[in-house]
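The chain contents come next:
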Amino acid sequence: MLQTPAVLYCAVDTLIPLGGRVQPGFDEFGAALDHRGIPAVWVTSRSRLEIDDPRRKMDHRHPFIAEGGCGVYLPEGYFHLPIAHTLRLGRFTCIPVAEPLPAASAALETLSSELEVGVVPLRSLSPRELMQNSGLPRQLAELARHRDFDELFFFAGVSDNEITRFALEARERKIELRRHGMLWSAAIGASLKRSVAELSKLYSRALRSHPKIVGIATPEEAVELFAASDRRVLLKTRNGDEAVAGSQKARELSLEEPAIWDRLLESLIQKG
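The shown structure was predicted, so the numbers you read here are calculated from the model rather than taken from an experiment.

Conventions we followed
Residues numbered from 1 in each chain as written. Predicted model: local features only at pLDDT ≥ 70, side-chain atom pairs only at ≥ 80, totals over all residues. Heavy atoms only, no water. Axes fitted to C-alpha atoms, helices over the stretch in contact; angles between N-to-C directions. Helix = DSSP H or I, 4+ residues; strand = E, 2+ residues; numbered from the N terminus. Parallel < 35°, antiparallel > 145°, perpendicular 65-115°, else oblique. Left-handed = near helix turned anticlockwise from the far one by under 90°. Contact = heavy atoms within 4.5 Å. Nonpolar A, V, L, I, M, F, W, Y, C, P; charged D, E, K, R; others polar. Buried < 20%, exposed > 50% of the residue type's maximum accessible area, 1.4 Å probe, protein only. Pairing = 2+ DSSP bridges. Core = buried A, V, L, I, M, F, W, Y, C linked by side-chain atoms within 4.5 Å. Salt bridge = Lys/Arg side-chain N within 4 Å of Asp/Glu carboxyl O.

S.K.: When you look at the packing of helix 3 (residues 103–115) against helix 6 (residues 160–172) in this model, what are you seeing that I'm missing?
M.R.: Describing two packed helices takes the angle between their axes plus the distance from one axis to the other. Running from N to C, helix 3 and helix 6 point in directions that differ by 130°, and their axes come no closer than 11 Å. It follows that helix 3 is oblique to helix 6 by the angle criterion. Considering the relative orientation of helix 3 and helix 6, their crossing is right-handed. Where helix 3 approaches helix 6, its residues Leu-108, Leu-111, Ser-112 and Leu-115 are matched on the opposing element by Arg-165, Phe-166, Glu-169 and Ala-170. For the contact of helix 3 with helix 6, the per-class residue count stands at five nonpolar, one polar and two charged.

What follows is the structure, encoded as structure tokens:
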């Protein structure tokens, strides 16, 4: 592994929409980083299976953090280091941060039963029901519901007050709930900050140095990632609310700017 002044942690859910067009220039940006030996770690709320096709198409060969900080996935042979407490998941060595399924499924079912608040896990649906409730084509919907750590679900026939009560009780029981449009996810122990820390320690061991952690995200994805970063780049969207990035100081770039990726790459090279 080449020496590098920084490791990028890039939130990709907005940049690589499900079934949509990749943000213009992002593919070339990744290739330019590889050419200069700067690792780009993808950070996503999606599953290992969902992110597989975009990684293949864009030739992404670095680790990624999936399911919103539930696990760190390492490609085969990426680090030539002994790594303790890992799982083998598909083609990847995984550092589990959250508890693997069925922990979240069981906790969600128990909470739903005790509070009498109806929830419907995606894994319980027929293929047709899955498409209707996820809004995704059948193949993408099937990939979405096959998870390693978190449980995707939606509320059924409940009021906003009941959802609030459910979320408060989940927090008391250390169940992390996250909203994804009409869907929700539940996980036990998910932490993007810890995921970044675990992976950064491996880079430091492999490089025998301490490269800067550079977090790159849109406003919707920035809060957790920026809390774990040394340097921050906020990618402003047309409808984004920059205030959601919190109090963390960040460089702001607009995704509407044609030369955004060239400017970002130049900044990384200059600052190191």
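Now that the structure has been shown, the text picks up again.
S.K.: Please explain the pairing of strand 10 (residues 183–188) as it appears in this structure.
M.R.: A regular strand carries its side chains on alternate faces of the sheet. Summarising burial for strand 10: six of the six residues are buried, a large majority. One ladder, built from three bridges, connects strand 8 (residues 151–155) with strand 10; its direction is antiparallel. Its bridge partner lying in strand 10, Leu-152 is registered against Ser-185. Relative to strand 10, strand 9 (residues 175–180) runs antiparallel, the two being bridged by six bridges. Bridge pairing links Leu-177 to Ala-186 in strand 10. Following strand 9, the chain reverses through two residues before pairing antiparallel with strand 10; Gly-181 in that reversal takes a positive phi of roughly 70°.

S.K.: For this particular structure, what's the right way to read the nonpolar core?
M.R.: Soluble globular proteins tend to pack their nonpolar side chains together in the buried interior. By size, the foremost hydrophobic cluster in this structure holds 37 residues, and its most contacted members are Leu-8, Phe-26, Phe-29, Leu-235 and Trp-261. Looking at this core, the element that brings in the most residues is helix 9 (residues 260–271), giving five residues. Leave out the neighbours within four places in its chain, and Leu-8 touches Phe-29, Leu-33, Ile-38, Pro-39, Ala-40, Val-41, Val-214, Ile-216 and Leu-268. With 24 residues, the next largest nonpolar core counts Val-72, Leu-74, Leu-207 and Ile-213 among its residues.

S.K.: What is the right way to look at the pattern of salt bridges in this model?
M.R.: Oppositely charged side chains can pair when the atoms bearing their charge come close. Inspection of every chain in the model, using the stated rule, returns 17 salt bridges. The partner of Asp-59 in a salt bridge is Arg-61, with the nearest N and O atoms 2.8 Å apart. Of the residues examined, Asp-59 reaches a relative accessible area of 40% and is grouped as partly exposed. In this structure Arg-61 comes out as exposed when scored by relative accessible area, which is 57%. Shared partners join several salt bridges into a network, and the residues in it are Glu-50, Arg-147 and Asp-150.

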